[in-house]
Every structure is written in C-alpha cells, then in structure tokens.
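Examining the three-dimensional arrangement
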Amino acid sequence: MIPEIFKALVVHSTSEVHHELRIAGKSIRDLPAGDVLIQVMYSSLNYKDALSATGNRGVTRTYPHTPGIDAAGIVAESSHSAFVSGDPVLVTGYDLGMNTSGGFGRYVRVPADWVVKLPENLSLKESMIYGTAGFTASLSVQKIVEHGLTPDSGDILVTGATGGVGSLAVSILSKIGYSVTAATGKTDQNDFLRSLGAKTVISRADIADNSERPLLKARWAGVVDTVGGDILASALKSTFQRAPITCCGNVASPTFAATVYPFILRGITLYGIDSASTPMTLRQKIWRKIAGEWKISHLALLHTEIPLEGLEHAIERMLSGRQRGRVIVNLAN
Ligand SMILES: NC(=O)c1ccc[n+]([C@@H]2O[C@H](COP(=O)([O-])OP(=O)(O)OC[C@H]3O[C@@H](n4cnc5c(N)ncnc54)[C@H](OP(=O)(O)O)[C@@H]3O)[C@@H](O)[C@H]2O)c1
C-alpha cells in the first residue's frame with residue numbers, strides 16, 4: 001500500500017551560506033506530476049547532490065527541496081504501458097534531484113522516459129553502487145574504446161581516482177584489460193587503488209604543471225579526467241598523438257588554461273561527458289554493459305552504505321574532497 005506521507009531528507013535554504021538539512025515527512029500528493037511512481041529502495045550520493053544540499057542555485061533553484069539524482073526501486077504505480085507495478089527500475093540524471101524531488105526520499109514520481117528497467121544480472125543495490133558516478137565513468141570508458149584505444153595502446157590516466165567517478169573508471173578500465181595510472185591527492189590510498197586494478201598510482205602533484213609550456217613529454221595514451229582545472233590542462237599537454245581525453249568534472253576548477261598546440265600538433269580529441277541527458281538508447285546500452293561484460297567483482301570494496309540520517313556527514317566529507325569510492329543510501333529499512 002502506498003502511504004500518504006513518506007520519509008525524506010529536506011533541505012531548507014535561504015542562500016548558499018544558510019541551509020539546514022532535516023529528515024521529515026513529505027506528502028505523496030506534493031510530488032510532481034509524472035507517469036511512474038517509484039518506491040525508492042536505494043539512492044546514492046553524487047557531487048551534484050552535495051551542491052544541491054548546500055544551497056547551490058546552479059543546481060537547485062527553489063527550496064525546500066529533496067536532492068538525490070539517483071534512485072533505484074520498485075514501480076508503485078504507473079500510467080504508462082512500458083511499466084507495471086512491481087517492476088524493478090532505476091533513474092539517474094535528467095532533472096531528478098535538481099528541481100524534481102529526488103532519491104533522498106522514499107518515493108519519487110517521474111516521466112516514463114526517464115526510467116530504465118533494471119538490467120538482468122544487476123541488483124537494485126548494485127545499480128546504486130554505480131549510480132550516476134558509475135554511469136559517467138562508463139560513458140567515459142565508452143569514448144576511450146570507441147576512439148580506438150586498445151589495451152596495448154599504452155597507459156590511461158584517471159584523475160580524481162579515489163572519488164566516485166574515478167574509482168569506477170579505474171575499476172572498469174582495468175577489468176577490460178587497459179593499463180591504468182591512477183592519480184590521487186590522497187597519500188594513503190595506494191593499496192586501495194591497486195586493489196581496484198590500477199597498475200601505477202601517482203600523486204596529483206606529479207601531474208599538475210603550472211608552466212607556460214605548450215606541450216609536455218607524452219605519457220598517456222588516453223585520459224579520463226574527473227576534476228578539471230590545472231590537472232585537465234596538464235593532461236591535455238601530456239598525451240601521445242591522437243589521444244582521447246574525457247572531461248566530466250570540476251572539483252579542482254571549472255576553468256582551465258589551454259592552447260591550440262596539443263590539438264594541432266598532436267591531434268588530440270577532448271570529449272565532454274554529460275551523463276544527465278544521455279539519450280535513452282545509449283543509456284540502456286551502457287547499463288547493459290555495466291551489468292554484463294564490464295561488471296566488476298569488487299563492488300563491496302567500493303562503497304559505504306548509510307541511512308538517510310548519515311547523509312549530512314557524508315555530504316561534508318564529499319565537499320572537502322575526502323570522499324573515497326561511493327556512498328549508497330538505504331531507504332528500504
Ligand atoms: N558530467 C557528468 O555527467 C558528471 C557526472 C557525475 C559527476 N560529475 C562530476 O565529476 C566530478 C567527480 O564526481 P564524483 O562523484 O567522483 O565526486 P567525488 O566522489 O567527490 O570525487 C572527487 C575526487 O576528486 C578529487 N579531488 C577533490 N578535490 C580536488 C581538488 N581540489 N583538486 C583535484 N582533485 C580533487 C578527489 O580524489 P583524489 O583524492 O583521489 O584525487 C575526490 O575524491 C564532480 O565535479 C562531479 O560534479 C559529472
């Protein structure tokens with residue numbers, strides 16, 4: 001039976017400085033219109049949620065608001081023929097958790113064309129260990145593969161390697177045979193990154209170059225960058241001819257200084273990754289890969305599970321750059 005009131009994290013914010021997180025009851029009737037009502041079993045914490053939960057108006061315009069850009073659960077009600085009650089499903093991205101009440105509540109209501117049927121060989125919980133971070137890592141890996149890099153092409157650099165996107169990119173690339181160099185700012189995470197499959201672990205400081213030099217020694221066959229800023233700028237200058245570089249994040253900085261030289265002298269390609277609006281056909285294809293040939297065996301190593309009540313602390317950790325792997329939120333209990 002669908003309850004009238006459900007439990008959710010609600011952010012009250014009057015500015016980016018003044019915000020407060022409360023666990024509260026919300027009415028099902030206050031959820032936005034949509035074809036599919038989902039009882040959320042698991043959600044996960046992504047960087048965008050941390051921004052939404054701290055009043056960032058670039059992510060969420062109006063408060064009170066329930067963040068959570070990821071949700072996995074069971075269809076409770078559907079007015080669309082593609083879904084029936086009881087279907088296990090997942091939603092990542094689109095407007096979920098931004099200006100649509102998100103997965104940090106026990107129910108979400110969304111348009112049917114945001115909903116992905118849970119692929120075979122993946123549980124609801126596993127789907128949230130990947131979540132948007134794993135989906136984004138997988139879109140980045142897909143670009144590297146489609147670009148034509150093969151495991152013998154050379155080393156692939158992954159930046160922000162202990163973070164959600166980074167740790168999953170290290171894991172998937174290693175799983176499918178690529179030689180991965182993991183760059184991290186955490187001096188004590190060598191063993192963790194090696195256990196995910198990284199062949200080499202280097203310090204973030206070793207790859208950030210502040211010189212004015214237009215090109216640096218070529219080291220990388222390809223790059224999955226999750227942080228932006230100087231690190232992305234340096235990576236662009238440090239690749240082999242015709243290398244692919246993917247760019248998805250801005251935790252170091254949203255801006256970076258670049259010249260045309262890596263593009264016109266080494267023929268590099270910079271790919272932007274935008275997971276939230278990925279078309280449904282590609283979305284389904286990537287989720288099938290996540291559950292199939294790219295599925296990693298060490299998901300337990302990669303995540304911490306918390307209740308809704310644990311989110312405030314986890315958000316603080318993420319915003320201070322201390323996050324390791326993924327945080328999933330259990331809403332089933
Ligand atoms: N475009 C998309 O579709 C999309 C989707 C998902 C996420 N993102 C973006 O991707 C980025 C990473 O997301 P995430 O979920 O992986 O976040 P996360 O779990 O917080 O990981 C970020 C990692 O970046 C590194 N880092 C933190 N502060 C840094 C700094 N000042 N300079 C350099 N590196 C720093 C840290 O790893 P180390 O200590 O190991 O270096 C940290 O663990 C975020 O900007 C997020 O918004 C984009």
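One can find the structure itself at the top, above this paragraph.
A brief report on the enclosed structure follows.

Rules and cut-offs
Residues numbered from 1 in each chain as written. Predicted model: local features only at pLDDT ≥ 70, side-chain atom pairs only at ≥ 80, totals over all residues. Heavy atoms only, no water. Pairing = 2+ DSSP bridges. Helix = DSSP H or I, 4+ residues; strand = E, 2+ residues; numbered from the N terminus. Axes fitted to C-alpha atoms, helices over the stretch in contact; angles between N-to-C directions. Contact = heavy atoms within 4.5 Å. Patch = residues over 30% accessible without salt bridge, like charges linked within 9 Å, V, L, I, M, F, W, Y side chains within 5 Å. Areas by Shrake-Rupley, 256 points an atom, 1.4 Å probe, with all protein chains shown as cover. Salt bridge = Lys/Arg side-chain N within 4 Å of Asp/Glu carboxyl O. Buried < 20%, exposed > 50% of the residue type's maximum accessible area, 1.4 Å probe, protein only. Near = heavy atom within 4 Å. Polar contact = N/O pair within 3.5 Å; in protein donor to acceptor, adjacent residues only side chain to side chain. Nonpolar A, V, L, I, M, F, W, Y, C, P; charged D, E, K, R; others polar.

A few words on the sheet that holds strand β10 (residues 200-203). On the basis of which strands lie adjacent, the open sheet formed by 6 strands has the order β10-β9-β8-β11-β12-β13 and parallel pairing. Strands with a single pairing partner mark the edges of an open sheet, and in this sheet they are β10 and β13 (269-272). Going from strand to strand, the sheet's axes swing by 20 degrees on average, the running direction of each strand aside. Relative to strand β11 (residues 222-225), strand β8 (residues 155-158) is paired through 3 bridges, and the arrangement is parallel. Across the sheet, Val158 pairs through a bridge with Val224, a residue of β11. Running over the sheet, helix α2 (residues 124-147) touches β8, β11, β12 (244-247) and β13 and is turned about 165 degrees from β12.

Here we come to a nonpolar patch on the surface. Side chains of Phe256, Val260, Tyr261, Phe263, Ile264, Leu265 and Leu270 sit close together on the surface and give an oily, nonpolar patch of about 620 Å² of accessible area. The dominant element in the nonpolar patch, judged by the number of residues it contributes, is helix α7 (residues 261-266), at 4 residues. Examined against the element boundaries, Leu265 turns out to sit in helix α7. Residue classification places Leu265 among the partly exposed residues on the basis of a relative accessible area of 49%.

Residues in contact with the ligand amount to 27 residues; listed here are only the nearest, Thr162, Val165, Thr184, Ile273 and Ser275. Here an oxygen atom of the ligand and a backbone polar atom of Gly185 are 2.9 Å apart. Residue Ile273 places a main-chain N or O atom 2.8 Å away from a nitrogen atom belonging to the ligand. A total of 920 Å² of accessible area belongs to the ligand in isolation, and the protein chains cover 87% of it. Broken down by secondary-structure element, the contributors of at least two residues to the shell around the ligand are α2 and α3 (164-175). In terms of residue class, the shell around the ligand is built from 10 nonpolar, 14 polar and 3 charged.

With the rule as written, the count across this model stands at 8 salt bridges. The closest approach of N and O atoms between Glu305 and Lys125, which form a salt bridge, is 2.8 Å. You can see Glu305 sitting in strand β14 (residues 303-306) and its partner Lys125 sitting in helix α2, a full 180 residues away along the chain. Glu305 sits in the partly exposed class, given a relative accessible area of 33%. Judged by relative accessible area, which is 29%, Lys125 ranks as partly exposed. Lys295 is paired through a salt bridge with Glu126; the nearest N and O atoms lie 3.0 Å apart. Of this pair, Lys295 sits in the loop between α8 (280-291) and β14 while Glu126 sits in helix α2; the two residues are 169 residues apart in sequence, bridging distant segments of the chain. Judged by its relative accessible area of 23%, Glu126 falls in the partly exposed class.

Read these as layout, nothing more, since geometry by itself doesn't imply function.
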